[in-house]
Amino acid sequence: DQAVVIADDWPGYELELFMYPEHYRDDVESVYIPHGVIMNRIECLARDILEDMGHDNLMVLCVLKGGYKFCADLVESVKAQSQSSDRPITTRVEFIRLKSYLNDRSTEDLHIIGPEDLSMLKGKNVLIVEAIVDTGKTMKMLLKHVEKFQPKTVKVAGLLVKRIPGGATKLPDYVGFVIPDRFVVGYALDYNEYFRDLNHICVISERGKLKYKL
Ligand SMILES: Oc1ncnc2c1N=NC2
């Protein structure tokens, strides 16, 4: 399944063309991916997931905190489409937390905060849901961790995959958008906990980086 590929020179849409929280006025440069476009792409991913896994129970593993909006909207769409089709599917969601970023730099120490016991994954179709895949370190680590609990199948859904040199070799099974290597915020993607309340995916401005720097 292909993805929406955003070119390196894509400037994003002018902020003034969209609705956004006033308090972020000077903190973002442009609207990179509008909320409506995100939502439509998510419906497509839900359709693909249903085609691949309908008639089976789906164990969704949501990677917090950045993944919570993507996961909620994706699960909603899978449920809605499964109800209006002949492919019934039950979805259950578990949450794990990963901390790996300070400011906008990936730190080496990646650690999982969350239920140590994921035995509920045994024999299930597991779908790891991540908002953004860049180095692919998190995805690789999670796949190894989840395999230990003997799931029936493990797939990954990534809303955004960053094009970075030496980046993720293995692409997620379901990808929303492939984007350039720029720090994006919004739609639950944060910068030091800010911008999670912004519905569009935007590019943070230099001023925003300074304003919310730790
Ligand atoms: O661009 C990004 N924006 C927010 N969080 C992360 C990003 N890349 N990896 C984690």
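How each quantity is defined
- Residues numbered from 1 in each chain as written.
- Predicted model: local features only at pLDDT ≥ 70, side-chain atom pairs only at ≥ 80, totals over all residues.
- Heavy atoms only, no water.
- Helix = DSSP H or I, 4+ residues; strand = E, 2+ residues; numbered from the N terminus.
- Buried < 20%, exposed > 50% of the residue type's maximum accessible area, 1.4 Å probe, protein only.
- Contact = heavy atoms within 4.5 Å.
- Pairing = 2+ DSSP bridges.
- pLDDT = per-residue confidence, 0-100.
- Phe/Tyr/Trp six-rings, centres within 6.5 Å; stacked < 30°, edge-to-face > 60°.
- Salt bridge = Lys/Arg side-chain N within 4 Å of Asp/Glu carboxyl O.
- Core = buried A, V, L, I, M, F, W, Y, C linked by side-chain atoms within 4.5 Å.

A few points about the environment of Met 139
Alright, step 1. As for its position among the elements, Met 139 is in helix α3 (residues 137–147).
Alright, step 2. Met 139 gets classed as buried once you look at its relative accessible area, which sits at 3%.
Alright, step 3. Along the primary structure Met 139 and Leu 171 are separated by 32 residues, whereas in three dimensions their C-alpha atoms are 9.5 Å apart.
Alright, step 4. Those residues in contact with Met 139, other than ones at most four positions away along the chain, are Glu 130, Val 133, Val 156, Lys 170 and Pro 172.

Details of the pairing of strand β2 (residues 28–33)
Alright, step 1. A large share of β2 lies buried, amounting to five of its six residues.
Alright, step 2. Pairing geometry for β2 and strand β10 (residues 201–204), over four bridges, is antiparallel. Bridge pairing links Val 31 to Cys 202 in β10.

Focus: the environment of Lys 65
Alright, step 1. Tracing the chain through its elements places Lys 65 in the loop between β3 (58–64) and α2 (68–83).
Alright, step 2. Sequence separation between Lys 65 and His 145 is 80 residues; the distance between their C-alpha atoms is 18 Å.
Alright, step 3. Residue contacts for Lys 65: discarding those within four places in its chain leaves Arg 97, Ala 188, Glu 193 and Arg 196.

Points about the sheet that holds β2
Alright, step 1. What the three strands build is an open sheet, ordered β2-β10-β9; its pairing is antiparallel. Bordering the open sheet on either side are β2 and β9 (184–185), each of which pairs with just one other strand.

So, the confidence of the model for the protein chain
Alright, step 1. Overall, the prediction assigns the protein chain a mean pLDDT of 90, with 93% of residues at 70 or greater.
Alright, step 2. Per-element averaging of pLDDT across the protein chain places strand β5 (residues 105–113) at the bottom with 66 and strand β8 (residues 174–179) at the top with 97.
Alright, step 3. Across the predicted assembly, pTM comes out at 0.91 and ipTM at 0.97.

What to know about the packing of aromatic side chains
Alright, step 1. One pass over the structure, following the stated rule, counts six aromatic pairs.
Alright, step 2. Taking 5.3 Å as the distance between ring centres and 85° as the angle between the ring planes, the aromatic pair formed by Phe 195 and Tyr 212 counts as edge-to-face. Of the two residues, Phe 195 sits in the loop between β9 and β10 while Tyr 212 sits in the segment after α4 (206–211), which places them 17 residues apart along the sequence. With respect to class, Phe 195 is no different from Tyr 212; both count as buried.
Alright, step 3. By way of ring pairs, the aromatic residues Tyr 24, Tyr 194, Phe 195 and Tyr 212 are connected into one cluster.

Some details on the pattern of salt bridges
Alright, step 1. Applying the stated criterion across every chain yields a total of 12 salt bridges.
Alright, step 2. Where Arg 163 meets Asp 8, a salt bridge forms, and the shortest distance between an N and an O atom there is 2.7 Å. Placement of Arg 163 in the loop between β7 (153–162) and β8 and of Asp 8 in the loop between β1 (4–5) and β2 is noted, with a sequence separation of 155 residues between them.
Alright, step 3. Judged by its relative accessible area of 57%, Asp 8 falls in the exposed class.

Section: the nonpolar core
Alright, step 1. In this structure, Ile 33, Phe 70, Leu 74, Leu 127, Leu 159 and Leu 160 are the most contacted members of the largest nonpolar core, which totals 33 residues.
Alright, step 2. Breaking this core down by element, the ones donating at least two residues are β2, α1 (35–53), β3, α2, β6 (125–133), β7, β8 and β10.
Alright, step 3. Broken down by element, the residue count for this core peaks at seven residues, all from α1.
Alright, step 4. When near neighbours in sequence (up to four residues on either side) are disregarded, Leu 127 contacts Ile 49, Met 53, Leu 58, Met 59, Val 60, Leu 61, Leu 74, Lys 155, Val 156, Ala 157 and Tyr 174.

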